[in-house]
Amino acid sequence: MKRDVLPAAHTSSALPVQPISQDVLAEKYLKDGEKTEAELFARVARALASVEKPEIRDEWEAKFLGNLHAGAIGAGRIMSAAGTDIQATLINCFVQPVGDCIQGYDDQGYPGIYEALREAAETMRRGGGVGYDFSRIRPNGAEVKGTHSIASGPCSYINVFDQSCATVESAGSRRGAQMGVLRIDHPDVLDFITAKRTPGRWNNFNVSVGVTDAFMKALQDNADWELVHRARPGRKVMAAGAYQRDDGKWVYRRVPARQLWDTIMKSTYDFAEPGILFLDAIGRDNNLNYCETIEATNPCGEQPLPPYGCCDLGPIILTRFVRNAFGHGGEPTFDFAAFEDVVAIQVRALDNVLDVTFWPLDKQRAEAAAKRRIGVGFTGLGNTLAMLKLRYDRAEGRAMAARIAETMRNAAYRASVELAKEKGAFPQFDADRYLGKGSKKGEGSFASRLPDDIKADIRKYGIRNSHLLSIAPTGTVSLAFADNASNGIEPPFSWTYTRRKREADGSRSEYVVEDHAWRLFKSQGGDVDNLPDYFVNALAMTAQEHVAMMEAVQPYVDTSISKTVNVPADYPYEDFKDLYQQAWKARLKGLATYRPNPILGAVLEAEPAKKEEKPADKAEAAAQQHEQDPMRKVIERRPQGALNAVAEKIEYWTHEGQQRLYLIVSFLPVEGTDGRTVERAIEFFMPVGQSGESQQWITATMRMLSLAARGGFLDRALSDMRKVTWDRGPVRLGTYVKADGTHVPRWHDSEVAAIAYAIQNLIAKRQEAVQASLFEPGELPSVEPAVQAAPESSGIMAGKKCSECGAYAMIRKDGCDYCTQCGMLGSCG
């Protein structure tokens, strides 16, 4: 496929196009008849200029086209759908309100649960992701007067929204992304926090807890925290001590703030969710806090939005503005003047998107028209700093990032004022309230902190857009249009990786994907085997240094920043939970982290291919093995009399807490192949009297294991049990040993798998005791090869299963699903 190479004036180097960029461009953005990036840009520029007055339409089409070539691209929906005849939205994400009733609208005007579900389904069908605040839904145990029943709580309804998303294919074959939010004071918050510990539950959701300043202060004071709702509790909850406060809300119960915080932190540490949204910081900074309340964000968190609000996004590729990269040809500089010009045109382009786009719902159209939110952002910051010979994780790098963000802020707000002169201010603009002090403790909104000259112009002429800035994950647009520049605000994740791809004919291909700055440095003759110290990737810096970059940039962004703080698997828990308090003190609006760990998965390695055997050869070999191996010979019937037996107490942990189980295994002495006596497990039994719903299936399983043992296939039966999965969350039992000798808890996909593991180790201990008389009771030893951590230099991180290569290495990076094994980029919020 031919692709135009940008002129040297618009790019850091005329590098040849990477296969990854060709693939993503063709798969996600080129439409019928388009073969080049230039043709795509022409389609988008023509579409965005179509709403200009006829006499200036050609002028702005040319300016928009030039801006696209200069690096001011649109978010994925814009680049994919603008100028096409499909009825898909150009807006990436929305917030959908959900009220406290089943149908219709609740007493505060919010749509009922199933009305909200219908609206969200239509939004996702048209290509938009959706965020929700479910806090209005009455908690589990609340009274439902109309039906004389008891409410099941928001978590049960989130299940419904999750399944709806799974069945609605968005426009362009893009599965809908969702964000679910629940306030920290909702009575069901503990169930919400721990819900995603169950594998498979809410797979189509990111989840975040909405945390208030009051809670953070209660945490600092080690005080109790009230879980409240406006809905009256049912009789059982009332009998347990619920009461009504002076403000009319019902206190369902009180919990120690520290206990609630630790539950959140442990879930985030082990499961990467929930994230945290700081609701008061969002409210204080909101330019429109005089006319709206924000309770939720879009799926990636960079856009706090009111009900029916949308994010209209367009990142600018920062690497295009670096001159003399790495000092090649002179001192490296950032062209701030050119950047300002591009930002100004981008404001007009995104403002036009609001008039060009197809709107899934009229309420979304009305909300956007009243406030005209847009989100100019950037991508490639990590690469840009390296090209300027600045370290991302040092003060000088953060200072440059802040200067870039400040320049973008000022240029965007000035451009919006100029646009207001021509087209008018957004309808809900009120100069005094927009520029005045915020309503909470006299602290100013974002607009109140603008430079004085910009505030004076806003007061005189108004402003076209209520909000103008957003640092979003750039996902596939960075791959397609920015030569795999570092995404959004993020540092590079790795310098190179191998992408393995399944082709249409079922074959697999692979190629190396290179980081933009890395390949530019190499093209200039740089030694990539000995990179300068300003080449620093995400895994080489501390968590605090990740957060510090957000702290440096956030003051210049009127909405928020999507960034994932990646921490290593062995990052201490005590340090981890302090990250979120650090973020709150830094006045950030939220935080998401990712720590690879055994619960989220482990990286798999393919076994060497084995020589294929004929079926007849396999059968004959198996028969010979059974005949010769005393541990595999068929035992026709159980020998008479008592057998040596071992009773074992198995202790394991599920989502319901610690579990205990007693098993008895009987052994038959047999002569081994070396003439020595060994013991063979032939009978498995669970004593009666153990309570719990698992007893019947465990009893049945023990009988089947006994038959398999006497038939010589015990190993195979236990191996099959180890593969059993369930939907009730991982089970912890035993440990495995890392390469450095440390023991790490072992997690299993089901209770069946955990019991099989315990039996394997029980047998191993018994055989060891008989042969060497070294048996000592205590911790179960591992009989499997230790799971080895991936080499640090490989960049592989454990995660969910990748649909492309099968490795358990799919993480959330820069707001997108990303496989650290094969490089597959999945859905982005």
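Think of each chain on its own: its residues are numbered from 1, step by step along the sequence as written. A pLDDT threshold of at least 70 governs which residues receive local features in this predicted model, and a stricter bar of 80 or more applies before side-chain atom pairs are shown or counted, although totals over entire chains, interfaces and linings include all residues. Hydrogen atoms and water are omitted, and side-chain values are computed over all heavy atoms in the structure.

The chain goes by Vitamin B12-dependent ribonucleotide reductase in an unreviewed UniProt entry, where it is assigned to Lautropia mirabilis ATCC 51599. UniProt positions are given in the numbering used here, feature names are shortened, and annotations may be inferred rather than shown by experiment. Per UniProt, the chain carries the Cofactor (unreviewed entry) text "adenosylcob(III)alamin". Per UniProt, the chain carries the Catalytic activity (unreviewed entry) text "a 2'-deoxyribonucleoside 5'-diphosphate + [thioredoxin]-disulfide + H2O = a ribonucleoside 5'-diphosphate + [thioredoxin]-dithiol".

(A) A look at unusual backbone geometry. Residue Pro274 is bonded to the preceding Glu273 through a cis peptide linkage, with omega at 5 degrees. Position of Pro274 relative to the elements: it lies in the loop between α10 (257-271) and β12 (275-278). Phi is positive for Trp202, close to 55 degrees, though the residue is something other than glycine. Here Trp202 shows up in the loop between α7 (189-194) and β8 (206-211). For Trp202, a relative accessible area of 0% gives the class buried. Here Asn484, not a glycine, exhibits a phi torsion of approximately 60 degrees, which is positive. If you trace the backbone, Asn484 turns up in the loop between α18 (475-481) and β20 (496-502). Since its relative accessible area comes to 12%, Asn484 is described here as buried. Secondary structure follows DSSP: runs of H or I at least 4 residues long count as helices, runs of E at least 2 residues long count as strands, and numbering of each begins at the N terminus. Relative accessibility under 20% of the residue-type maximum defines a buried residue, over 50% an exposed one, and the middle range a partly exposed one, all with a 1.4 Å probe and only protein chains included.

(B) Looking closely at the sheet that holds strand β2 (residues 129-133). Here the rule is simple: two strands pair whenever DSSP picks up at least two bridges between them. Taken in spatial order, the eight strands of this open sheet run β15-β1-β2-β7-β8-β12-β23-β22, and their pairing is mixed. Each edge of the open sheet carries a strand with a single partner, namely β15 (310-311) and β22 (564-566). Where β8 lies against β12, four bridges are found, and the strand directions are parallel. Across the sheet, residue Gly210 finds its bridge partner in β12, namely Leu277. Against the sheet, helix α21 (residues 573-585) touches β12 and β23 (590-594), its axis set at about 160 degrees to β23. Two residues form a contact once any of their heavy atoms are found within 4.5 Å. Interaxial angles span 0 to 180 degrees and are taken between N-to-C directions of axes, which are lines fitted to C-alpha atoms, for helices over the stretch in contact.

(C) Main features of the pairing of strand β11 (residues 250-256). Pairing of strand β9 (residues 224-229) with β11, which is carried by six bridges, proceeds in the antiparallel orientation. Opposite Trp225, over in β11, you have Val255 as the bridge partner. Relative to β11, strand β10 (residues 243-244) runs antiparallel, the two sharing two bridges. Note on β11: the bridge partner recorded for Gln244 is Trp250. Connecting the antiparallel pair β10 and β11 is a turn made up of five residues, with Gly248 showing a positive phi of about 95 degrees.

(D) Representation of the environment of Glu648 in the model. Here Glu648 lies in strand β24 (residues 644-654). On the basis of relative accessibility, which here comes to 13%, the residue Glu648 falls in the buried class.

(E) Focus on the pattern of salt bridges. When a carboxyl oxygen of Asp or Glu lies within 4 Å of a side-chain nitrogen of Lys or Arg, that pair is called a salt bridge. Taken as a whole and assessed by the stated rule, the structure comprises 46 salt bridges. The salt bridge partner of Asp262 is Lys577, with a shortest N-O separation of 3.5 Å. Within this pair, whereas Asp262 is found in helix α10, its partner Lys577 is found in helix α21, the two being separated by 315 residues in sequence. Between Lys577 and Glu574 there is a salt bridge whose closest N-O contact spans 3.3 Å. With Lys577 and Glu574 both in helix α21 and three residues apart, the pair spans about one turn of that helix. When salt bridges with common partners are traced through the structure, they connect Glu52, Arg348, Glu422 and Lys423 into a single cluster.

(F) Focus on the sheet that holds β10. A sheet is described by the order of its strands in space; here three strands give the open sequence β9-β11-β10, paired in antiparallel fashion. At either margin of the open sheet sits one strand with a lone partner, and together these are β9 and β10. Sheet strands in contact with α10 are β9 and β11, and its direction is about 80 degrees off that of β11.

(G) Local environment of the side chain of Asn484. What qualifies as a polar contact is a pair of N or O atoms within 3.5 Å, subject to a donor-acceptor requirement within protein and to the restriction that residues adjacent in sequence count only when both atoms come from side chains. Polar contacts involving the side chain of Asn484 include one to the main-chain carbonyl oxygen of Glu514, which spans 3.1 Å. Residues contacting Asn484, with those up to four places away along its chain left out, are Gln18, Asn383, Ser478, Leu479, Val513, Glu514, Asp515 and His516.

(H) Inspection of the environment of Leu733 at higher detail. Mapped onto the secondary structure, Leu733 falls in strand β27 (residues 731-737). Residue Leu733 is classed as buried on the basis of its relative accessible area, which comes to 4%. Sequence separation between Leu733 and Ile755 is 22 residues; the distance between their C-alpha atoms is 8.8 Å.

(I) Main features of helix α8 (residues 213-220). When α8 is considered as a whole, its buried residues turn out to be Asp213, Phe215, Met216, Ala218 and Leu219. Structurally, α8 contributes buried residues whose contacts are with β8, β9, α10, β12, α11 (279-285) and α21. Where α8 ends, the next residue or the one after it, Asn222, has phi of about 55 degrees, a positive value.

(J) Local environment of helix α3 (residues 57-70). Helices are assigned an expected span. That span is 1.5 Å times one less than the residue count. With 14 residues, α3 extends 20 Å from end C-alpha to end C-alpha; this agrees with the ideal 20 Å at 1.5 Å per step. Taken together, the buried positions of α3 are occupied by Trp60, Phe64, Asn67, Leu68 and Ala70. An end-on view of α3 places all buried positions within 160 degrees of arc, on one side of the element. Those residues of α3 hidden inside the fold are in contact with α2 (37-49), α4 (76-81) and α12 (336-356). For this quantity, the arc is that covered by the directions from the helix axis to the C-beta atoms.

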